[in-house]
Amino acid sequence: MSLTARRVTRRCCNVCASFQSILGESPTDAEVAVDVVNGQQFQRAYGSAATSAIADLETRAARLGTELGIPSAALRVDGDLGVQNAVTAWNGCPTDITTANNVVNAIGEVLDSVRAARPTLRNVVLVGNDTVVPFARTSDRTTVSSEDGYASTFDTATDISTA
């Protein structure tokens, strides 16, 4: 199921409620920007440096709202139980296409909830690489010269080899 085709009708989660409180009293018709942060994975990937990086990101988002008049916030999606469960399963097998896509879908559901609450959401920035916020995966459906046939030509000690 594509992220654009899926519509989520669940109630706005705690993550969205905190997002709304960060935006404060901004007009509901104001264009909104959000930086999507998976703090749990950010910490896992970057250790203690992640704490200050996330704090800097939150400060930058607030400054963007003040200086440019665009209500902005860092959206900590790891506060959502669905995202937490999907990330835990993905960490158990990071090369599994389904578990990675489950994280993508869980984050998409959080963003759907935010968009339902703030339809003026226009700018979404995913913070982190594929180990922090997984990119959607598709199976290699090629029948001739499939990439699978070339996997052994690459160094297996790299992040790319596990993708």
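The structure under discussion appears in the preceding block.
Bear in mind that the values here come from a model prediction, so they are computed numbers and not experimental data. (Residues numbered from 1 in each chain as written. Predicted model: local features only at pLDDT ≥ 70, side-chain atom pairs only at ≥ 80, totals over all residues. Heavy atoms only, no water.)

Colleague: Where do I start with the pattern of salt bridges in this structure?
Modeller: Side chains that differ in charge, positive against negative, can pair when their charged atoms come close. Inspection of the entire model under this criterion finds 3 salt bridges. Across the pair arginine 60 and aspartate 35 runs a salt bridge whose closest N-O atoms are separated by 2.3 Å. You can see arginine 60 sitting in helix α3 (residues 49-68) and its partner aspartate 35 sitting in strand β1 (residues 32-37), a full 25 residues away along the chain. Note that arginine 76 is salt-bridged to aspartate 78, the shortest N-O span being 3.0 Å. Judged by its relative accessible area of 12%, aspartate 78 is buried. (Salt bridge = Lys/Arg side-chain N within 4 Å of Asp/Glu carboxyl O. Helix = DSSP H or I, 4+ residues; strand = E, 2+ residues; numbered from the N terminus. Buried < 20%, exposed > 50% of the residue type's maximum accessible area, 1.4 Å probe, protein only.)

Colleague: Would you mind showing me how to read the environment of valine 83 here?
Modeller: Among the secondary structure elements, valine 83 is positioned in helix α4 (residues 81-92). Take valine 83: its relative accessible area is 0%, and that puts it in the buried class. Spatially, the C-alpha atom of valine 83 lies 6.1 Å from that of valine 103, the residues being 20 residues apart in sequence. Discounting chain neighbours no more than four positions away, the residues touching valine 83 are Val77, Asp78, Ala106, Ile107 and Val110. (Contact = heavy atoms within 4.5 Å.)

Colleague: Before we go on, may I ask you to explain helix α5 (residues 97-117) in this structure?
Modeller: Helical geometry: 3.6 residues make up each α-helical turn, so side chains three or four residues apart lie on a common side. Taking 1.5 Å of rise per residue, 21 residues should cover 30 Å, and α5 covers 30 Å from first to last C-alpha, within 8% of that figure. Near the N-terminus of α5, the side chain that reaches the backbone nitrogen of threonine 98, with its oxygen 3.4 Å away, is that of aspartate 96. (Expected span 1.5 Å × (residues − 1). Polar contact = N/O pair within 3.5 Å; in protein donor to acceptor, adjacent residues only side chain to side chain.)

Colleague: Explain the nonpolar core here, please?
Modeller: Nonpolar side chains in soluble globular proteins tend to be buried together. In terms of nonpolar packing, the biggest core is built from 26 residues, with Leu75, Val77, Val83 and Ile107 touching the most fellow members. Those elements that provide at least two residues to this core are β1, α3, β2 (72-76), α4, α5 and β3 (121-127). Per-element tally for this core: the top contributor is α5, with 7 residues. (Core = buried A, V, L, I, M, F, W, Y, C linked by side-chain atoms within 4.5 Å.)

Colleague: Please explain the sheet that holds β2 as it appears in this structure.
Modeller: Sheet strands associate in pairs through backbone hydrogen bonding, adopting either a parallel or an antiparallel arrangement. Pairing is parallel across the open sheet formed by 3 strands, whose spatial order is β2-β1-β3. Strands at the two margins of the open sheet, each flanked by one partner only, are β2 and β3. In this sheet, adjacent strand axes meet at a mean angle of 25° when their direction is disregarded. Pairing analysis gives 6 bridges linking β1 to β3, with the strands arranged parallel. Note that in β3 the partner of valine 34 across the bridge is valine 124. Against the sheet, α5 engages β1, β2 and β3, with an angle of about 155° to β3. (Pairing = 2+ DSSP bridges. Axes fitted to C-alpha atoms, helices over the stretch in contact; angles between N-to-C directions.)

Colleague: Looking at this structure, how should I read the environment of threonine 59?
Modeller: Counting through the fold element by element, threonine 59 comes out in helix α3. Threonine 59 sits in the partly exposed class, given a relative accessible area of 48%. Considered as a pair, threonine 59 and alanine 74 are 15 residues apart in the sequence and their alpha carbons are 8.8 Å apart.

Structural measurements only, silent on function.
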